[in-house]
Amino acid sequence: MFEVIVNRWTNYDGMHLSNDLRKLWEQHVFWTRLFIVSTLAELSDLDVTTDRLLRNPTDFANILEKFYGRQNADIFRNLLEEHLTTAASVVNSAKQQNTEAVEHYSRLWYHNADQIAAFLAGINPLWSEAEWRNLLYDHLRMTTDEVLARLAGDHAREVAIFDMIEEQALDMADVMTAGIVKQFEL
C-alpha cells in the first residue's frame, strides 16, 4: 500500500520533503512562541495567532497523508492538535499561577508525547519510539522553561531558550525526514 501512495508523488523527493518538514516544525515552534507571548501579554492578536497555530497539525497531516494515507494522517493531526490545546492549558494555568493545574496539564502533555512517539514508531519502523519520546520531552521541557522565563520577565533567558527550541525543532524535522526517505527510498 505504501508504494502505491508514494508512486503518486514521484516528484516529491527527499530535498522537498526535508524543506517542507523543516518549515512545518519551524512554524510549529514559531507560532507556539507567538501564542505564549500573546496569551501572557493579553494581546489582541491572540485569536488569529491561535487559529494560525492550530493550522499546523493539518499542514503536517497533508504531508504525512502522501506516505501513510488519510487515516494515519488524521491520527497524527489529532494527536498534534491535542499537543497544542494541552500546551495552551499549561500556559493559561501558569499565567494564573495555578500550580495544581499546571502539574495536571503537564502530565497530560507528556502522556500525549508518549502517544505521538508510539504512533510515529508504529507507522515507520525506522523511527524509534524512544528517540521520538526524548525529542518530544525535550520540546516540552524547553517550552515550559520558555513560558516560565517569560513570566519571570527574564527575556534574555527566554530568547536563549527559544534559540534552543528552534534548533531542536530542526532536529525533529531531520529525524522525520530521514525515516520517510529511508522507508520509501526517496
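Nothing here was measured: the structure is a model prediction, and the numbers come from that model.

## Overview of the overall build of the chain
Of the regular secondary structure elements, the chain holds seven helices and zero strands. Starting at the N terminus and walking to the C terminus, you meet the elements of the chain as α-α-α-α-α-α-α. Here the chain has a C-alpha radius of gyration of 17 Å; the compact-globule value for 186 residues is 16 Å, and the two agree. Here the chain, with 186 residues, has 46% of them falling under the buried criterion.

## Re the environment of His139
By the element assignment, His139 lies in helix α6 (residues 129-152). Note on His139: relative accessible area 2%, which makes it buried. Not counting residues within four places of it along the chain, the set of residues in contact with His139 comprises His28, Val29, His83, Gln168 and Met172.

## Overview of the packing of aromatic side chains
This model, assessed by the stated rule, comprises ten aromatic pairs. Look at Phe67 and Tyr68: their rings are 6.4 Å apart centre to centre, the planes differ by 55°, and that puts the pair in the tilted class. Both residues of the pair, Phe67 and Tyr68, belong to the buried class. Where Trp127 meets Trp132, the ring centres are 6.1 Å apart and the plane angle is 85°; that geometry is what we call edge-to-face. Like Trp127, the residue Trp132 is buried in the burial classification. Members of the aromatic cluster, each reached through a chain of ring pairs, are Trp25, Phe60, Phe67, Tyr68, Phe76, Trp127, Trp132 and Phe184. The ring of Phe162 is capped by Arg33, whose NZ or CZ atom sits 5.3 Å from the centre of that ring.

## Topic: helix α2 (residues 14-41)
Taking 1.5 Å of rise per residue, the 28 residues of α2 would be expected to cover 40 Å, and the 40 Å separating its terminal C-alpha atoms lies within 8% of that figure. For α2, the side-chain oxygen to backbone nitrogen distance between the N-cap and Met15 is 3.2 Å, and the N-cap itself is Asp13. Count one or two residues on from α2 and you reach Glu42, which has phi positive near 55°.

## So, the nonpolar core
Nonpolar side chains in soluble globular proteins tend to end up buried together. If you look at the biggest cluster of nonpolar residues, it comprises 41 residues, and the most contacted ones within it are Phe76, Leu120, Trp127, Trp132, Met176 and Ile180. Within the residue set of this core, elements represented by two or more residues are α2, α4 (56-95), α5 (99-123), α6 and α7 (155-184). No other element matches the twelve residues that α4 contributes to this core. The contact partners of Phe76, leaving out residues within four places of it in the chain, are Phe60, Leu64, Ile116, Phe119, Leu120 and Met176. Counting nine residues, the second-largest nonpolar core is a separate cluster that includes Phe35, Leu53, Leu84 and Ala88.

## Let's talk about the confidence of the model for the chain
A residue-level look at the chain finds 93% of positions with pLDDT of 70 or above and a mean pLDDT of 94. Within the model, pLDDT remains below 50 along residues 1-10, and this stretch shows 15 contacts once partners closer than five positions in the same chain are excluded.

## Here's the deal with the packing of α2 against α6
It is the contact of α2 with α6, at a shortest axis distance of 10 Å, that shows an interaxial angle of 30°. The angle between the axes of α2 and α6 places the two elements in the roughly parallel class. At the point where α2 passes α6, the crossing takes the right-handed sense. Of α6, the residues touching α2 (which contributes Trp25, His28, Val29, Thr32, Arg33, Ile36, Val37 and Leu40) are Trp132, His139, Thr143, Glu146, Val147, Arg150 and Leu151. Among the residues forming the contact of α2 with α6, the class breakdown is eight nonpolar, four polar and three charged.

## Examining unusual backbone geometry
The phi dihedral of Glu42 falls on the positive side, at around 55°, and the residue is not glycine. Tracing the sequence through the fold places Glu42 in the loop between α2 and α3 (46-53).

## Let's talk about the environment of Leu54
Tracing the chain through its elements places Leu54 in the loop between α3 and α4. Along the chain, Leu54 and Leu40 lie 14 residues apart, while their C-alpha atoms are 18 Å from each other. Excluding residues that lie within four positions of it along the chain, Leu54 makes contacts with Leu84 and Thr85.

About the cut-offs
Residues numbered from 1 in each chain as written. Predicted model: local features only at pLDDT ≥ 70, side-chain atom pairs only at ≥ 80, totals over all residues. Heavy atoms only, no water. Helix = DSSP H or I, 4+ residues; strand = E, 2+ residues; numbered from the N terminus. Rg over C-alpha atoms; globule rule 2.2 N^0.38 Å. Buried < 20%, exposed > 50% of the residue type's maximum accessible area, 1.4 Å probe, protein only. Contact = heavy atoms within 4.5 Å. Phe/Tyr/Trp six-rings, centres within 6.5 Å; stacked < 30°, edge-to-face > 60°. Lys NZ or Arg CZ within 6 Å of the ring centre and 35° of its normal. Expected span 1.5 Å × (residues − 1). Polar contact = N/O pair within 3.5 Å; in protein donor to acceptor, adjacent residues only side chain to side chain. Core = buried A, V, L, I, M, F, W, Y, C linked by side-chain atoms within 4.5 Å. pLDDT = per-residue confidence, 0-100. Axes fitted to C-alpha atoms, helices over the stretch in contact; angles between N-to-C directions. Parallel < 35°, antiparallel > 145°, perpendicular 65-115°, else oblique. Left-handed = near helix turned anticlockwise from the far one by under 90°. Nonpolar A, V, L, I, M, F, W, Y, C, P; charged D, E, K, R; others polar.

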